[in-house]
Amino acid sequence: MNNFTPIDFHKTRDFSKKLNDTFEFVRQNIKPLGKSILFIAGPPVLIGSLMLGSFMGDFLNLSQSAVTNPDAIENYFLSANFWIQIAVGSIFLLISGVATMATINNYIILYGEKKSNQIEVSDVWERVRQTFWMYLGTMIFFMILFIVAYSLMLIPMFLLTAISPFLIFFGFIGIVCLIFYLIFGSSLTFFIRAYEKTGFFAALSRSFYLVRGKWWSTFGLVFILFFIVMTISYLFIIPWYVVTLVTAFHNTST
């Protein structure tokens, strides 16, 4: 702790400095942040993995019985049990994503407020509890906008197909570029909503404003952050896979 120097998030940096400070933040907070993710986001991940394991076990049993009973697959997909598993699994998958994002962002806000990495899980949980519904609403808004945007993107694809199949390639490239533009332009929305206590569309607009003119540095920073988060997540994904496989094989054997 004698060598601890808090990172000033409001300081202007070039990309190299952003990268260095990002890794420094992870080094300073890997234990308390990981502990917060484990205790706050861990339970819904565990429940979701149990549901997925049960689904996989039923599906493996179904695959074996389909040899002698071809109608088993159709009956299973039309059964209430199948749709209940899909619904409950999707709900906990959504909760897990929201809880993880809320935990990380609220931890960063607490770090900035306290200028310290001595942050207790209870402090993070209190912030997560207060902002959970806001994060959930933001996630749902993004899902709706994604469906609308994807539907609108299909219109020029159909038009290009009617003109010439050769133009589909260029239309696909254009859609990919547009998707990347929207992703990086809106990448700060969750954090802005939690930090500035503003509405969804105001936060979305501000995110595009802050990223404007800094697309490449934002792209690099988001890529690095994604890589770091995925690396940390593997510490929690391994137990998740173990639980899922054990549950699946247990259901298959019974």
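The structure under discussion appears in the preceding block.
Residues numbered from 1 in each chain as written. Predicted model: local features only at pLDDT ≥ 70, side-chain atom pairs only at ≥ 80, totals over all residues. Heavy atoms only, no water.

Draft legend 1. Broad picture of the overall build of the chain. Within the chain one finds 9 helices and 0 strands. In the chain, the proportion of contacts linking residues at least 24 apart, taken out of those at least 6 apart, comes to 70%. Approximately 16000 Å² of the chain is accessible, and the part contributed by carbon and sulfur atoms is 73%. (Helix = DSSP H or I, 4+ residues; strand = E, 2+ residues; numbered from the N terminus. Contact = heavy atoms within 4.5 Å. Areas by Shrake-Rupley, 256 points an atom, 1.4 Å probe, with all protein chains shown as cover.)

Draft legend 2. Molecular detail of the side chain of serine 36. Here serine 36 shows up in helix H1 (residues 15-40). Residue class for serine 36 comes out buried when judged on its relative accessible area of 0%. When near neighbours in sequence (up to four residues on either side) are disregarded, serine 36 contacts Ala41, Thr103, Tyr107, Val121 and Val124. (Buried < 20%, exposed > 50% of the residue type's maximum accessible area, 1.4 Å probe, protein only.)

Draft legend 3. Up close: the nonpolar core. Ranked by internal contacts, the top residues of the largest apolar core, which has 29 residues, are Val98, Tyr107, Tyr111, Ile119, Val124 and Tyr135. Contributing elements (two or more residues each) for this core: H1, helix H4 (80-114), helix H5 (121-163), helix H7 (189-196) and helix H8 (200-211). The element best represented in this core is H5, accounting for 9 residues. (Core = buried A, V, L, I, M, F, W, Y, C linked by side-chain atoms within 4.5 Å.)

Draft legend 4. Expanded view of the pattern of salt bridges. Tallied over the full model, the rule gives 5 salt bridges. Residue arginine 27 pairs with glutamate 24 through a salt bridge whose shortest N-O separation is 2.6 Å. Taken together, the residues arginine 27 and glutamate 24, both in helix H1 and 3 residues apart, mark about one turn of the helix. On the accessibility criterion, arginine 27 (53% relative accessible area) is exposed. Between arginine 127 and glutamate 113 there is a salt bridge; the shortest N-O distance is 2.6 Å. Taken together, the residues arginine 127 in helix H5 and glutamate 113 in helix H4 connect sequence positions 14 residues apart. (Salt bridge = Lys/Arg side-chain N within 4 Å of Asp/Glu carboxyl O.)

Draft legend 5. Focus on the packing of H5 against H7. As a packed pair, H5 and H7 sit with axes 11 Å apart at the nearest point and diverge in direction by 150°. In this view, H5 runs roughly antiparallel relative to H7, as classed from their interaxial angle. Viewed along their axes, H5 and H7 form a crossing whose handedness is right-handed. On H7, the residues that touch Met134, Tyr135, Thr138, Met139 and Phe142 of H5 are Thr189, Phe190, Arg193 and Ala194. Residue composition of the contact of H5 with H7, by class: 6 nonpolar, 2 polar and 1 charged. (Axes fitted to C-alpha atoms, helices over the stretch in contact; angles between N-to-C directions. Parallel < 35°, antiparallel > 145°, perpendicular 65-115°, else oblique. Left-handed = near helix turned anticlockwise from the far one by under 90°. Nonpolar A, V, L, I, M, F, W, Y, C, P; charged D, E, K, R; others polar.)

Draft legend 6. Structural context of the packing of helix H6 (residues 167-185) against H8. Across the interface, H6 lies against H8 with an axial gap of 8 Å and an inter-helix angle of 100°. On the basis of the axis angle, H6 is roughly perpendicular to H8. Every residue of H8 that contacts H6 at Tyr181, Leu182, Phe184 and Gly185 is listed here: Ser207, Phe208 and Val211. A class-by-class count of the residues in the contact of H6 with H8 yields 5 nonpolar, 2 polar and no charged.

Draft legend 7. Focus on the packing of aromatic side chains. Counted under the stated rule, the structure contains 12 aromatic pairs. Centre to centre, the rings of phenylalanine 132 and tryptophan 133 are 5.4 Å apart; their planes meet at 80°, and the pair counts as edge-to-face. Residue classification places tryptophan 133 among the exposed positions, given a relative accessible area of 64%. Their ring planes at 20° and their centres at 6.2 Å tell us that phenylalanine 146 and tyrosine 150 sit as a pair that is stacked. Of the two residues, phenylalanine 146 and tyrosine 150 both sit in helix H5, 4 residues apart, roughly one turn of that helix. Within the aromatic cluster, the residues linked to one another by ring pairs are Tyr135, Phe141, Phe142, Phe190, Phe200 and Phe201. (Phe/Tyr/Trp six-rings, centres within 6.5 Å; stacked < 30°, edge-to-face > 60°.)

Draft legend 8. Molecular detail of unusual backbone geometry. Even without being a glycine, lysine 115 presents a positive backbone phi close to 55°. Tracing the chain through its elements places lysine 115 in the loop between H4 and H5. The residue lysine 197 is not glycine, and still its phi comes out positive at about 55°. On the secondary structure map, lysine 197 appears in the loop between H7 and H8.

Draft legend 9. Inspection of the environment of arginine 127 at higher detail. With a relative accessible area of 24%, arginine 127 lands in the partly exposed category. Separated by 25 residues in the primary sequence, arginine 127 and alanine 102 place their C-alpha atoms 8.3 Å from one another. When sequence neighbours within four positions are dropped, the list of residues in contact with arginine 127 reads Asn106, Ile109, Leu110 and Glu113.

Draft legend 10. The arrangement of the environment of threonine 189 in detail. Within the secondary structure layout, threonine 189 lies in helix H7. A relative accessible area of 0% means that threonine 189 is categorised as buried.

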